[in-house]
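In case you want the letters, here they are:
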Amino acid sequence: MPPGISTLAADAPTLSAANTGFMLICSALVMLMTPGLAFFYGGMVRVKSTLNMLMMSFISLGIVTILWVLYGFSLAFGTDHGSLIGWSSDYVGLSGLGLTQLWDGYTIPVYVFAVFQLMFAIITPALISGALADRVKFTAWALFITLWVTVVYFPVAHWVWGAGGWLFEMGVIDFAGGTAVHINAGAAALGVILVIGKRVGFKRDPMRPHSLPLVMLGAGLLWFGWFGFNAGSWLGNDDGVGAVMFVNTQVATAAAMLAWLAYEKIRHGAFTTLGAASGAVAGLVAITPSGGAVSPLGAIAVGAIAGVLCAMAVGLKFRFGYDDSLDVVGVHLVGGVVGSLLVGFFATGGVQSDAKGLFYGGGLDQLGKQATGVFAVLAYSLVASALLAFVIDKTMGMRVDEDVEVSGIDQDEHAETAYDFSGAGGGAGSRKAAPAPSDAVSAAPNKKVDA
């Protein structure tokens, strides 16, 4: 994503109504991704945790929006300080901005850039929530979001995209968030689950998705919104780069979905809807950092590689014993790492920049830069997130009580259930015989699917 850069007054661009309208539409598309994520995650959990999963995404819309206006935009995109953080008093409260004041070097207002970037900041902590399903207090989660975006997301966004940020100045390519969003969220998820531990019944009880139609709906909304996420990250539509990114987003996602399904058929003997949805998301994640640097053929390779590697990675939690409830580590961390590193192999030097990967005569230089960005963000987010979770856990407690987790977190934390079965069936006898909502999935026959 291009950050603000200074220009000479004589060369300064003028406001483009077309680019401004395009970016507002892209911002709305990215906002839609958070409810899409809520459906995607909500369908993947058991009935008794559905509402909690939806709320863990929705609350980010409220918290991060307010923090972004108060100080987040300033920390992420204000004037650089030491290549680590930004700060501009005019950005505090978005109070010092003119209506038509342009983002430096571009044809859109600062307000438009700020709201587009806000949507990225909202969805990133929401991604983490999938790893923590069934077992986190809602108040603790709200506090974690507040601290995490302040300590982790805002600084990392400055490193990667802010003018003067150390990874940006190094030449690390992250078109739309492979490091700042997906590696950041995936590493944070791993850090938190290592602190709070496993769900009750992990590896023992069936924990299958309760609604695969919801999963597919969520995946479809994510795929749709991701065009704004990716194509909009060029901040305009004048030179064709955004169009290439749009095409590559579709191509890589399709390739990843097919690759995941092929792996699943060979490994498990079936093509599952959960596999199709997960494969599509893996492709979207992987092409996010790389789509502005590769050709459509390169996008096929990126998607196919990510589809297979992410499908393999989701089973690692059973081998190593960490309880990543909805495979945030396997899809977002691994997919982000794969997509970011493959820039060092498949960058053509003919799209967003002249940087070339190994397969196009660029040697190992760009790969080295990509690896630096990947592992710097991964390490910082992992450690900082684990520390934040540890402090919250030791002060207010991060997990619900075991009996609440077993009976259902929805009723305890939200005083609601996702589905009202009281009117289903015939008379009182049939209602009495029906299983309680929290046990509906557990009562079904178990069929294990790694994905």
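Our structure's up above, just so we're on the same page.
The paragraphs below set out a description of the structure included in this document. Quick caveat: nothing in here was measured; it's all calculated off a predicted structure.

Moving on, we come to the environment of leucine 309. Examined against the element boundaries, leucine 309 turns out to sit in helix 10 (residues 296-313). For leucine 309, a relative accessible area of 37% puts it in the partly exposed group. C-alpha of leucine 309 to C-alpha of arginine 208: the two residues are 101 residues apart in sequence and 22 Å apart in space. In this view, leucine 309 contacts Val334 and Val338; residues no more than four positions away in its chain are not counted.

Let's shift gears to the packing of helix 4 (residues 138-161) against helix 6 (residues 178-196). Where helix 4 meets helix 6, the axes come as close as 10 Å, and the angle between the chain directions of the two elements is 140 degrees. Crossing of helix 4 against helix 6: the hand is right-handed. Residue-level contacts link Phe144, Trp148, Val152, Tyr153, Val156, Val160 and Trp161 of helix 4 to Thr179, Ala180, Val181, Asn184, Ala188 and Val192 of helix 6.

This model, assessed by the stated rule, comprises 27 aromatic pairs. Ring centres of phenylalanine 73 and phenylalanine 77 lie 5.9 Å apart, and the angle between their planes is 40 degrees; on these two criteria the pair is classed as tilted. Of the two residues, phenylalanine 73 and phenylalanine 77 both sit in helix 2 (residues 50-77), four residues apart, roughly one turn of that helix. Each member of the pair, phenylalanine 73 as well as phenylalanine 77, carries the same accessibility label: buried. Centre to centre, the rings of phenylalanine 120 and phenylalanine 229 are 4.3 Å apart; their planes meet at 15 degrees, and the pair counts as stacked. Taken as a pair, phenylalanine 120 in helix 3 (residues 110-128) and phenylalanine 229 in helix 7 (residues 212-231) lie far apart in primary sequence, 109 residues in all.

With that settled, the discussion passes to the nonpolar core. With 112 residues, the main nonpolar core has Phe73 and Leu132 as its most contacted residues. For this core, the leading source of residues is helix 4, giving 15 residues. Excluding residues that lie within four positions of it along the chain, phenylalanine 73 makes contacts with Trp68, Gly78, Tyr91, Leu94, Trp103, Val110, Phe113 and Ala114. Core analysis: the next-biggest nonpolar cluster, separate from the first, contains ten residues, Ala252, Ile287, Val338 and Leu342 among them.

With 18 residues, helix 10 should reach 26 Å at 1.5 Å per residue; the first-to-last C-alpha distance of 25 Å fits that figure. Where helix 10 is concerned, the buried positions are Gly298, Ala299, Val302, Gly303, Ala306, Gly307, Cys310, Ala311 and Ala313. In this structure, the buried side of helix 10 is in contact with helix 8 (241-268), helix 9 (273-290), helix 11 (316-320) and helix 12 (328-346).

Charged atoms that come close allow side chains of opposite charge to pair. Applying the stated criterion to the full structure yields seven salt bridges. Linking aspartate 134 and arginine 199 is a salt bridge whose minimum nitrogen-to-oxygen distance equals 3.4 Å. On the criterion of sequence distance, the pair formed by aspartate 134 in the loop between helix 3 and helix 4 and arginine 199 in the loop between helix 6 and helix 7 is long-range, its members being 65 residues apart. In this pair, the class of aspartate 134 matches that of arginine 199, namely buried. Through salt bridges with shared partners, a single ionic network connects Arg46, Asp134, Arg199 and Asp323.

Rules used throughout
- Residues numbered from 1 in each chain as written.
- Predicted model: local features only at pLDDT ≥ 70, side-chain atom pairs only at ≥ 80, totals over all residues.
- Heavy atoms only, no water.
- Helix = DSSP H or I, 4+ residues; strand = E, 2+ residues; numbered from the N terminus.
- Buried < 20%, exposed > 50% of the residue type's maximum accessible area, 1.4 Å probe, protein only.
- Contact = heavy atoms within 4.5 Å.
- Axes fitted to C-alpha atoms, helices over the stretch in contact; angles between N-to-C directions.
- Left-handed = near helix turned anticlockwise from the far one by under 90°.
- Phe/Tyr/Trp six-rings, centres within 6.5 Å; stacked < 30°, edge-to-face > 60°.
- Core = buried A, V, L, I, M, F, W, Y, C linked by side-chain atoms within 4.5 Å.
- Expected span 1.5 Å × (residues − 1).
- Salt bridge = Lys/Arg side-chain N within 4 Å of Asp/Glu carboxyl O.

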